[in-house]
Amino acid sequence: VQEFYSIMDGFPTLPPLEALELLDARYADARVRSYAVKQLELFTDAQLADYLLQLVQVLKYEPYHDSSLARFLIRRALRSSRIGHTFFWFLKSEMHVPDIAERYGLLLEAYLRGVPNFRKELQKQTSMLSILEDTARAIKEKDVQGADRMDIMVRGLMKLKFPSPIQLPLSPMFEIRALNIPKCRFMDSKKMPLWLSFTNVDADGDDVKTI
């Protein structure tokens, strides 16, 4: 630890990529971790986006819910809609894990309180994803066979309404305005994921396809 305190005193502008190493679980000292987070402020939004998934995972190993890293990520999420969108979905995607649900839930609440104008957009995305998840589960029921799966998929997808354009949860760079149901299908693999085709808001853009 003394070695790191020396680094902190002598190199206050440690490159962010090198500072990431100080967030390893081996370095539990709060002062070392706070120093590392301070260096991450040098990241641009584009650079931070590249490492956001890893940083959200690191949150699992912080000793307390309130940490320098948690505050940093919330602050940058509030500053940038791109970072905020991705931060929200990285947290929400693991809310089913009991060991981390409380911490991630608190972070989600803190973020959403700071973006009242963006909450409606995230609600639309969440509602859309819920319908897609229900449809995906329905076609995998054991008593559903053959062509019945396609009928169930179509009926499920028809429940999805687009009163206004929606950002794709996978990436805020894509905005969609409809689902091309005739072009949708499910894969023949064991988990039978949905293959979805959305109409791009950009009239000159290609359909947005995702699994």
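The following paragraphs examine the structure supplied in this document. (Residues numbered from 1 in each chain as written. Predicted model: local features only at pLDDT ≥ 70, side-chain atom pairs only at ≥ 80, totals over all residues. Heavy atoms only, no water.)

1. A look at the pairing of strand β4 (residues 194-200)
Taking burial as the measure, the seven residues of β4 include six buried ones, the bulk of the element. Examined bridge by bridge, strand β2 (residues 171-179) and β4 share three bridges and lie antiparallel to one another. Bridging across to β4, I176 finds its partner in N200. Inspection of the sheet shows β4 paired to strand β5 (residues 208-210) by three bridges, in the antiparallel sense. The partner of F198 across the bridge, within β5, is V208. (Buried < 20%, exposed > 50% of the residue type's maximum accessible area, 1.4 Å probe, protein only. Helix = DSSP H or I, 4+ residues; strand = E, 2+ residues; numbered from the N terminus. Pairing = 2+ DSSP bridges.)

2. Describing unusual backbone geometry
Positive phi, normally seen in glycine, also occurs at M192, with a value near 45°. The exposure class of M192 is buried, given its relative accessible area of 12%.

3. Focus on the packing of helix α6 (residues 81-92) against helix α8 (residues 119-138)
Taken N-terminus to C-terminus, the directions of α6 and α8 make an angle of 40°; their axes are 12 Å apart at the nearest point. One way to sum up the angle between α6 and α8 is to call them oblique. In this structure, α6 meets α8 at a crossing whose hand is right-handed. Along the contact surface, α6 presents H85, F88, W89 and K92, while α8 presents L122, Q125, T126 and L129. (Axes fitted to C-alpha atoms, helices over the stretch in contact; angles between N-to-C directions. Parallel < 35°, antiparallel > 145°, perpendicular 65-115°, else oblique. Left-handed = near helix turned anticlockwise from the far one by under 90°. Contact = heavy atoms within 4.5 Å.)

4. So, helix α9 (residues 147-157)
Along α9, the positions that sit buried rather than exposed are R149, I152, M153, G156 and L157. Looking straight down α9, one finds that the buried residues subtend no more than 125° of arc, so they occupy a single side. Seen from the open side of α9, the exposed residues pointing more than 90 degrees away from its buried face are A147 and R155. The secondary structure elements touched by the buried residues of α9 are α8, β2, β3 (185-186) and β4. (Arc of directions from axis to C-beta.)

5. Thoughts on the packing of aromatic side chains
Given two aromatic rings, their pairing is described by the distance between the two centres and the angle made by the two planes. Under the criterion given, the structure shown has four aromatic pairs. With a centroid separation of 6.2 Å and 85° between ring planes, the pair formed by F87 and Y111 is classed as edge-to-face. Here the residue F87 occupies a position in helix α6, and Y111 occupies one in helix α7 (residues 98-113), the gap between them amounting to 24 residues. Aromatic pair F88 and W89: ring centres 5.1 Å apart, planes at 90°, arrangement edge-to-face. Of the two residues examined, F88 and W89, each falls in the buried class. The positively charged end of R185 is found above the aromatic ring belonging to W195, 5.1 Å away from the centroid. (Phe/Tyr/Trp six-rings, centres within 6.5 Å; stacked < 30°, edge-to-face > 60°. Lys NZ or Arg CZ within 6 Å of the ring centre and 35° of its normal.)

6. Side note on the side chain of T199
Positionally, T199 belongs in strand β4. Of the residues examined, T199 reaches a relative accessible area of 14% and is grouped as buried. At 2.9 Å, the side chain of T199 forms a polar contact with the side chain of N180. Beyond its immediate stretch of four places on either side in the chain, T199 contacts E175, I176, R177, A178, N180 and D207. (Polar contact = N/O pair within 3.5 Å; in protein donor to acceptor, adjacent residues only side chain to side chain.)

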